[in-house]
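If you want the building blocks of each chain, they are given just below.
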Amino acid sequence: MDFSWLLICALLVFCMQAGFLCLESGKIRSKNSINVAAKNISDFILSSVIFWIFGFAIMFGDSFYGVLGFSEFFVGEQQSAYQISFFLFQMMFCGTAATLLSGAVAERMTFVGYLCIACILSAVIYPVVGHWVWASAYQAGNQGWLESIGFIDFAGSTVVHSVGGYVALAAIIIIGPRLGRFSGEKAFSIGNNVPLSVLGVLLLWFGWFGFNGGSTLQLTDRVPLIILNTCLAASWGGIISSLLHYYFKRFFDIGFLLNGVIAGLVSITANCHVVSPFEAMLIGIVGGVILYFSTLWLEKLKIDDALGVVPSHLFAGIWGTLALAIFADLSLLDTGLTRWGQIQAQLIGLVSIGVYCFTLSYLLISLLNRFVLLRVSEDSETKGMNVSEHQASTELINLLSTMHRQKEAGAFNDPVPVEPFTEVGQIARQYNEVIARVNSEMSKRDNAINDFKASEKRKSAILESSMDSILIINLAGEIIEFNPSAERNFGCVKQQVKGKNFIDIFIQDADRDVIQASLDCKFSGSEGILRNIRNSITLMRNMSEPFSAEITVTSANFGDSKQNEFTLHIRDVTRQLKLQDNLRQLAYSDPLTGLYNRTYLMGSLTKAIELNQYKDSNVLLFFMDLDKFKKINDTLGHKAGDDLLCEVAERLIHVTHDNDIIARWGGDEFVILMTGQFTPEVAHKKANDVLTVMRNPLTLAGRKLTIPTSIGVVMTEKGKQYKAEQLIQHADIAMYHAKEQGRDNYQIFEMEMIHSVQRSFNYEQEMQVGIVSDKQFNLVYQPKVTELGELLGFEALMRWHHPKEGFISPVEFIPIAEESDLIISIGEFALLEVVQQLSDWQAKGYQNVPVSVNISGKHLVSERLVPFIETLLSEYALDANLLEVEITEGVLLTDIDRCIEVLSQLKELNIKISIDDFGTGYSSLNYLKRLPIDVLKIDKSFVDDCATLIEDGEICATIINLANSLRLMTVAEGVEDQTQLNFLLAHGCQVFQGYLFSKPQLAQEIEQLYFKQ
């Protein structure tokens, strides 16, 4: 059926009617929305009927000298199915041209006048132009006069859109702009529902596929390119118009975006079948530019086009028709014309159609305006055309009318009528409640004002509870009132000062003349104390002690009396000024130690580098870190830690010169900055001096301690370029090198130290390779046993055998892995190895014992852990009871809610959860009770000295009691001697792990020791 494509495209073009309706409804004010709907449906009905009766005949009938057609009236009875399909397709085009008028004249043209103009367009303008250009599309050889000279408009940039635009331009010139459109008094309200307008443009875009694609009249291999070109031009039209508006106005206007899309669609309509996608992009870009500047031009001419029909349809249509001659592949046009000849043909057509359409429509509309009122009255336009044209009153209109009457009459006591069970009724009810509340509040306010005025006529008592000193004096300066705060502030009681002169008692000798002059001028002079502002001054306390104060003066007049009284609100600002000084100091100093802070140090270091860069002097920098400071904090408390930091500050001050800068970098880190002429020998001496003074013992919390310190030293060299951050980094690297050398020493920075940092980087890269190797990483298993050595389970521990460096401790490579996602791969490797090992032991018939796997915090909160474990358990058909997940307590300090979520998911799989290194992470007991855990593992650092140090023993006992209270199992790690075991047993620990029972073993050794016996 060769006509099916035409029917489909006709239906797509019909969708454009809904698009125009949504676009216009969203862009006009809601008071005219019903009128928009009425116009859109009515103009389509009229245009369809006219086109069926004689419009189609004029457009496609047998041609009379290429000007008019005179056959094919009343289509349907004599025509074939294809011809009827063709008619329906063209009828949609006619309806589109008629609908364009609606958007331009919106909100001010009468409904009857609009329908008359739509009839004029559908009857004598559109069919005639269509015959000139498209007559042969229905009957081969039946050419219109423009078609015969080579004029081409493929899908109607000019025939449909420019024709509708010319009629719209004539109409809006005749009827004039909307009220207030160009008055400039305030921004003109445009649009009430932007999403609806966007939906309208999307429907138009969708319908345009049928508009352009259907103009091939058959579904051919050219259709996909036509639709692609249509999309590209529309997109670029919207982009360019939006960007132009942003460039000139600095914000994005959705109106220009929507009209830019339409301009792009119109521009491509005439030529979409003969241009490339790149050329379609250029056509759309120019269409967007034309749309933007032509819109501004019309506004400058004060031509009111409500929806931008003229710029987006008329001007863009002219451009699209001309663009065909500029960009088209002439071989596809098959007109036989040269490029210039085709341009001439297009220009002739554009001028002919423009003159015919605009002239005829302007004359006919002007004539029509003499007999039919085209423009609604000002009152009707103000009320809205829903009411004036269609008498479409609504509940909202009724409510607004009632509210307006209330406003005019000033009568707010009577409520507005409430229509129940409707949204407007709810608004009315809320309005009544608001009015009732306003009336109530106004009544309360009036009462309060009356009370206030009455109270102001009497001299109110001074507020006994005021924190400010309040004094009342008369014109002679004599004190009348003196409140308790003033007594405390000035150090004297009311009886001592009442009746005495305020200036003589409390003003310094140097200020008395100025203050007396201010009082004589009633504190309204040009100097001294002024009324109603804060005045800074120094007053006298206890008749002799000066202090800084702020005074605010207010005055009071009593009836007709000439007697004035002044109330002085005095505030002691001594503490405030000290606070301001302290704040300035805090900006550059450490509040705990009183040393300079990091901000001040970096600024001073930068200046020192600049000043000493080309001199014989240099910069010497010490970066210090207190070794094991955290342990002191943990065991002796933060107060002891703070005392230690202050003691370090004092020692550094004594070991340095006054011009040296000492700063607390942060935590337990300190930096010393020295400038002068330093040699390596001097640097060594000064570093030893610092270490010597730091090694002197001190007493903290009743204990005698030393302060082991690691120091990194860096010294600048003349002529080299340095940056402050670089020197700090080098000193920091040297300090960490000192820690690696056993702590409590200093190291002068050497470039080789950077290699240590690089080594960590290399390890990370080599671990990525090693984790996929079968030889580098493996697991060892350490038993968990009872006091009698009965096996309860294992902990799987990771080992790395570097291909060049041999065994590398987990203490060294695990922190490196934790800095990247590599720790997740290592964790998954461990889980896979453990599950495979458990499956292997089951296959051999060995005893089922659970194995715990350490999981990092990053792995725990990732999205990969739970699905990975589920897959392993399913793949190896393993009982989840045999798998235990261990996390360190510190993990819970990152994202506790996410941790609880993941642990709960693991718990649902029946997997046991252990908290490793418990007691070292400072987790909240509140979080602990929310966690679905089974086991608490006491950290080895507490177990080591549990039997010898009271603090460690109490920590272990507390953890065991806590676990028992929460019905959790306790596992003690690192049990290495019998005294530790006896202590733990005495306090109720049940499970043990450590070298006292067994060191970590390979799986084969575990089988030999525990399963084959």
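The coordinates are above.
This structure is a prediction, so every number in the text was calculated from the model and none was measured.

Caption draft 1: The arrangement of the overall build of the protein in detail. Along its length, the protein carries 38 helices and 23 strands. Relative to a compact globule of 1013 residues, whose C-alpha radius of gyration would be 31 Å, the protein shows 46 Å and is clearly more extended. Viewed in the frame of its principal axes, the protein has a C-alpha envelope of about 120 × 110 × 75 Å. Counting the 1013 residues in the protein, one finds 49% classified as buried. Counting contacts in the protein only where the partners sit at least 6 residues apart, residues at least 24 apart contribute 68% of the total. When the accessible surface of the protein is summed, it comes to about 48,700 Å², and 57% of that surface belongs to carbon and sulfur atoms.

Caption draft 2: Just the sheet that holds strand β10 (residues 669-676), in detail. Within the open sheet, the five strands sit side by side as β9-β10-β8-β13-β14. Their pairing is mixed. Here the strands that pair on one side only, and so sit at the sheet edges, are β9 (661-666) and β14 (746-748). Strand-to-strand twist of the sheet, defined as the mean angle between neighbouring strand axes without regard to direction, takes the value 20°. In the packing of helix α27 (residues 724-740) onto the sheet, contacts are made with β8 (618-626), β9, β10, β13 (709-715) and β14, and the angle to β13 comes to roughly 140°.

Caption draft 3: Region of the structure containing a nonpolar patch on the surface. A contiguous nonpolar patch, built from Phe64, Tyr65, Val67 and Phe70 and spanning about 480 Å² of accessible area, is present on the exposed surface. With respect to the helices and strands, Tyr65 occurs in the loop between β1 (63-64) and β2 (68-69).

Caption draft 4: Looking closely at the side chain of Thr716. By secondary structure assignment, the location of Thr716 is in the loop between β13 and α27. Exposure remark for Thr716: the relative accessible area of 9% places this residue in the buried category. The contacts of Thr716, once residues within four sequence positions are left out, are Asn618, Val619, Tyr722 and Leu727.

Caption draft 5: Fine view of helix α36 (residues 950-965). Under the 1.5 Å per step criterion, the end-to-end length of α36 is 22 Å for 16 residues, consistent within 8% with the ideal 22 Å. For α36, the complete set of buried residues consists of Asp952, Gly953, Cys956, Ala957, Ile959, Ile960 and Ala963. Looking down the long axis of α36, one finds its buried residues gathered within 160° of arc, a one-sided arrangement. Pointing more than 90 degrees away from the buried face of α36 are the exposed residues Ile950, Glu954, Thr958 and Ser965. Of the surrounding secondary structure, the elements contacted by the buried residues of α36 are β20 (912-918), β21 (935-938), α35 (940-943), β22 (969-973) and α37 (978-986). At the exit of α36 stands Arg967, carrying a positive phi of roughly 60°.

Caption draft 6: Up close: the nonpolar core. Formed by 110 residues in total, the largest nonpolar core has its most connected members in Phe51, Ile117, Tyr126, Trp134 and Ile353. No other element matches the 13 residues that helix α4 (residues 111-134) contributes to this core. Excluding anything up to four places from it in sequence, Tyr126 contacts Phe51, Met59, Gln90, Phe93, Cys94, Ala97, Leu121, Trp134, Val159, Val160 and Val163. Ranked by size, the runner-up nonpolar core spans 78 residues in total, among them Ile824, Ile869, Val891 and Cys899.

Caption draft 7: View of the pattern of salt bridges. For the coordinates displayed, the defined rule picks out 40 salt bridges. Put simply, Arg178 and Glu107 hold a salt bridge, and the shortest N to O gap is 2.6 Å. Linking Arg178 in the loop between α6 (157-175) and α7 (194-213) with Glu107 in the loop between α3 (81-104) and α4, this pair joins segments that are 71 residues apart in sequence. Each of the two residues, Arg178 as well as Glu107, counts as buried. With a closest N to O distance of 2.8 Å, Glu381 and Arg375 form a salt bridge. In the salt-bridge network here, residues are joined through shared partners; they are Arg29, Glu107, Arg108, Arg178, Arg181, Glu299 and Asp304.

Caption draft 8: Examining helix α11 (residues 309-327) more closely. Taking 1.5 Å per residue as the helical rise, α11 with its 19 residues ought to reach 27 Å, and the 25 Å between its terminal C-alpha atoms agrees with that figure. Its axis deflected by about 30° at Ala316, α11 carries its strongest bend there. Across the 19 residues that make up α11, a large majority, 16, are buried.

Caption draft 9: Quick peek at the packing of aromatic side chains. For the coordinates displayed, the defined rule picks out 50 aromatic pairs. Ring centres of Phe256 and Tyr292 lie 5.0 Å apart, and the angle between their planes is 50°; on these two criteria the pair is classed as tilted. Of this pair, Phe256 sits in helix α9 (residues 254-269) while Tyr292 is found in helix α10 (residues 277-300), placing the two residues 36 residues apart along the sequence. On the accessibility criterion, Phe256 (11% relative accessible area) is buried. Judged by its relative accessible area of 0%, Tyr292 is buried. Taking the centre distance of 6.5 Å and the plane angle of 65° together, the rings of Phe777 and Phe829 count as edge-to-face. Here Phe777 is found in strand β15 (residues 777-785), whereas its partner Phe829 is found in helix α30 (residues 822-843), with 52 residues between them in sequence.

Caption draft 10: Broad picture of the side chain of Ser518. Of note, Ser518 is situated in helix α21 (residues 512-520). Owing to a relative accessible area of 3%, Ser518 belongs among the buried residues under this scheme. Filtering out sequence-adjacent residues up to four positions away, Ser518 remains in contact with Phe523, Ser524, Glu527, Gly528 and Ile529.

Caption draft 11: Inspection of the packing of α6 against α11 at higher detail. Two elements in contact, α6 and α11, have axes separated by 8 Å at closest approach and are oriented at 140°. Here α6 is positioned oblique relative to α11, judged by the angle of their axes. Considering the relative orientation of α6 and α11, their crossing is left-handed. On the side of α6, the interface is formed by Ser157, Thr158, His161, Ser162, Gly165, Tyr166, Ala168, Leu169 and Ile172, while α11 contributes Val309, Val310, His313, Leu314, Gly317, Ile318 and Thr321. Of the residues assigned to the contact of α6 with α11, the class counts are eight nonpolar, eight polar and no charged.

Caption draft 12: Looking closely at the packing of α6 against helix α13 (residues 339-371). Packing of α6 against α13 leaves a shortest axis separation of 9 Å and a crossing angle of 35°. For the pair α6 and α13, the sense of crossing is right-handed. Residue-level contacts link Thr158, Val163, Tyr166, Val167, Leu169, Ala170, Ala171, Ile173 and Ile174 of α6 to Leu350, Ile353, Gly354, Cys357, Phe358, Ser361, Tyr362, Ile365, Ser366 and Asn369 of α13. A per-class count over the contact of α6 with α13 returns 14 nonpolar, five polar and no charged.

Caption draft 13: Region of interest: the environment of Gly667. Inspection of the secondary structure puts Gly667 in the loop between β9 and β10. Under the relative-accessibility criterion, Gly667 is labelled partly exposed at 42%. Sequence-wise, Gly667 and Ser294 are 373 residues apart; in three dimensions their C-alpha atoms are separated by 66 Å.

Caption draft 14: Local environment of the pairing of strand β18 (residues 851-854). Bridge count for strand β16 (residues 791-802) against β18 is three bridges, and the pairing is parallel. The residue of β18 that forms the bridge with Glu795 is Ser852.

Caption draft 15: Quick look at the environment of Met735. Assignment of secondary structure puts Met735 in helix α27. Between the C-alpha atoms of Met735 and Ala270, which are 465 residues apart in sequence, the distance is 76 Å. With residues near it in sequence (within four places) discarded, Met735 still touches Phe623, Asp625, Glu669, Ser710, Ile711 and Gly712.

Caption draft 16: Here's a closer look at unusual backbone geometry. Positive phi, close to 65°, is recorded for Asn532, a residue that is not glycine. For Asn532, the location among the structural elements is in the loop between α21 and β5 (534-541). Even without a glycine there, the phi angle at Ala877 is positive, about 50°. In this fold, Ala877 is placed in the loop between α32 (865-875) and β19 (883-888).

Caption draft 17: The state of the cysteines, seen in detail. Throughout the structure, instances matching the rule amount to zero disulfides. Considering cysteine sulfurs only, Cys119 is the nearest to Cys116, which forms no disulfide, with 6.4 Å between them. Judged by relative accessible area, Cys116 falls into the partly exposed class, the value being 25%.

Caption draft 18: Representation of the environment of Asn386. By secondary structure assignment, the location of Asn386 is in helix α15 (residues 385-390). Relative accessible area serves as the criterion here: at 6%, Asn386 is assigned to the buried category. Sequence separation between Asn386 and Glu107 is 279 residues, and the spatial gap between their C-alpha atoms is 9.7 Å. In this view, Asn386 contacts Ser30, Lys31, Asn32, Ser33, Ile34, Asn35, Gln391 and Ala392; residues no more than four positions away in its chain are not counted. Polar side-chain contacts of Asn386 include one of 3.3 Å to the backbone nitrogen of Ser33.

Thresholds applied
- Residues numbered from 1 in each chain as written.
- Predicted model: local features only at pLDDT ≥ 70, side-chain atom pairs only at ≥ 80, totals over all residues.
- Heavy atoms only, no water.
- Helix = DSSP H or I, 4+ residues; strand = E, 2+ residues; numbered from the N terminus.
- Rg over C-alpha atoms; globule rule 2.2 N^0.38 Å.
- Buried < 20%, exposed > 50% of the residue type's maximum accessible area, 1.4 Å probe, protein only.
- Contact = heavy atoms within 4.5 Å.
- Areas by Shrake-Rupley, 256 points an atom, 1.4 Å probe, with all protein chains shown as cover.
- Pairing = 2+ DSSP bridges.
- Axes fitted to C-alpha atoms, helices over the stretch in contact; angles between N-to-C directions.
- Patch = residues over 30% accessible without salt bridge, like charges linked within 9 Å, V, L, I, M, F, W, Y side chains within 5 Å.
- Salt bridge = Lys/Arg side-chain N within 4 Å of Asp/Glu carboxyl O.
- Expected span 1.5 Å × (residues − 1).
- Arc of directions from axis to C-beta.
- Core = buried A, V, L, I, M, F, W, Y, C linked by side-chain atoms within 4.5 Å.
- Bend = angle between axes of the 7 residues up to and from the residue.
- Phe/Tyr/Trp six-rings, centres within 6.5 Å; stacked < 30°, edge-to-face > 60°.
- Parallel < 35°, antiparallel > 145°, perpendicular 65-115°, else oblique.
- Left-handed = near helix turned anticlockwise from the far one by under 90°.
- Nonpolar A, V, L, I, M, F, W, Y, C, P; charged D, E, K, R; others polar.
- Disulfide = S-S within 2.5 Å.
- Polar contact = N/O pair within 3.5 Å; in protein donor to acceptor, adjacent residues only side chain to side chain.

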